[in-house]
Amino acid sequence: MALTHEDVRRIADLARLELQPAEQAALLGQLNGFFRIVERMSAVDTRGVEPLYTPLSALHEVAAPLREDAVTEVDERTANQASAPEVAAGLFLVPKVIE
């Protein structure tokens, strides 16, 4: 998937970026380079490959730095919501901003 100069202008407009023509050209090259890398990676057959939790485990045995899944903090919801203008059922209520 190759992007065009028009694509870069549209992306910049959506991101509210003001790019000079030289910046647009440089960005076009960088984005297209990124998509080329993604296409190459997508072409690799990864069936049967075990996922790694860290790239270092491909080099040597790494002890899993996992901790026990236990609650370690007290519930302070009421205190945290004390300054909120409106709260209902433990949720912050905010005014609707999109019609």
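Please refer to the structure higher up on the page.
This text gives an overview of the structure that appears in the document. Just so we're clear, the structure is a prediction, and the values are computed from it rather than from any experiment. Sequence order as written defines the numbering, with residues in each chain counted from 1. Totals for whole chains, interfaces and linings use every residue, but because this is a predicted model, local features are given only for residues with pLDDT of at least 70 and side-chain atom pairs only at 80 or more, for both listing and counting. Where side-chain values are given, they derive from all heavy atoms of the structure, hydrogens and water being excluded.

The helix and strand inventory of the protein chain stands at three helices and two strands. Listing each helix as α and each strand as β along the protein chain from the N terminus yields α-α-α-β-β. Its C-alpha atoms give the protein chain a radius of gyration of 24 Å, clearly above 13 Å, the size a compact globule of 99 residues would have. Along the three orthogonal principal directions, the C-alpha set of the protein chain runs to about 50 × 50 × 25 Å. Helix numbers and strand numbers start at the N terminus; a helix is a DSSP run of H or I with at least 4 residues, a strand a run of E with at least 2. We take the radius of gyration over the C-alpha atoms and set the globule estimate at 2.2 Å times the residue count to the 0.38 power.

With that settled, consider the side chain of asparagine 32. Within the secondary structure layout, asparagine 32 lies in helix α2 (residues 21–42). Exposure categories follow from relative accessible area, calculated using a 1.4 Å probe and restricted to protein chains: below 20% of the type maximum is buried, above 50% is exposed, and the middle band is partly exposed. Assessed through its relative accessible area of 11%, asparagine 32 is described here as buried. In what follows, residue pairs with any heavy atoms lying within 4.5 Å of each other are defined as contacts. Aside from chain neighbours lying at most four places away, what touches asparagine 32 is Met1, Ala2 and Leu3.

Glancing now at the packing of aromatic side chains. Any two of the Phe, Tyr and Trp rings considered here, Trp counted by its six-membered ring, make a pair once their centres fall within 6.5 Å; the pair's planes then place it as stacked at under 30 degrees, edge-to-face at over 60, or tilted in between. Evaluation of the coordinates by the stated rule reveals one aromatic pair. Here phenylalanine 34 and phenylalanine 35 contribute two aromatic rings whose centre-to-centre distance is 5.5 Å and whose plane-to-plane angle is 65°, an arrangement assigned as edge-to-face. The class for phenylalanine 35 is partly exposed, based on a relative accessible area of 22%.

We now examine α2. In a regular helix each residue adds 1.5 Å, so 22 residues correspond to 32 Å; α2 covers 31 Å between its end C-alpha atoms and thus fits that length. When we look at burial in α2, the residues that qualify are Gln24, Leu28, Asn32 and Gly33. Expected span of a helix: the number of residues minus one, times 1.5 Å.

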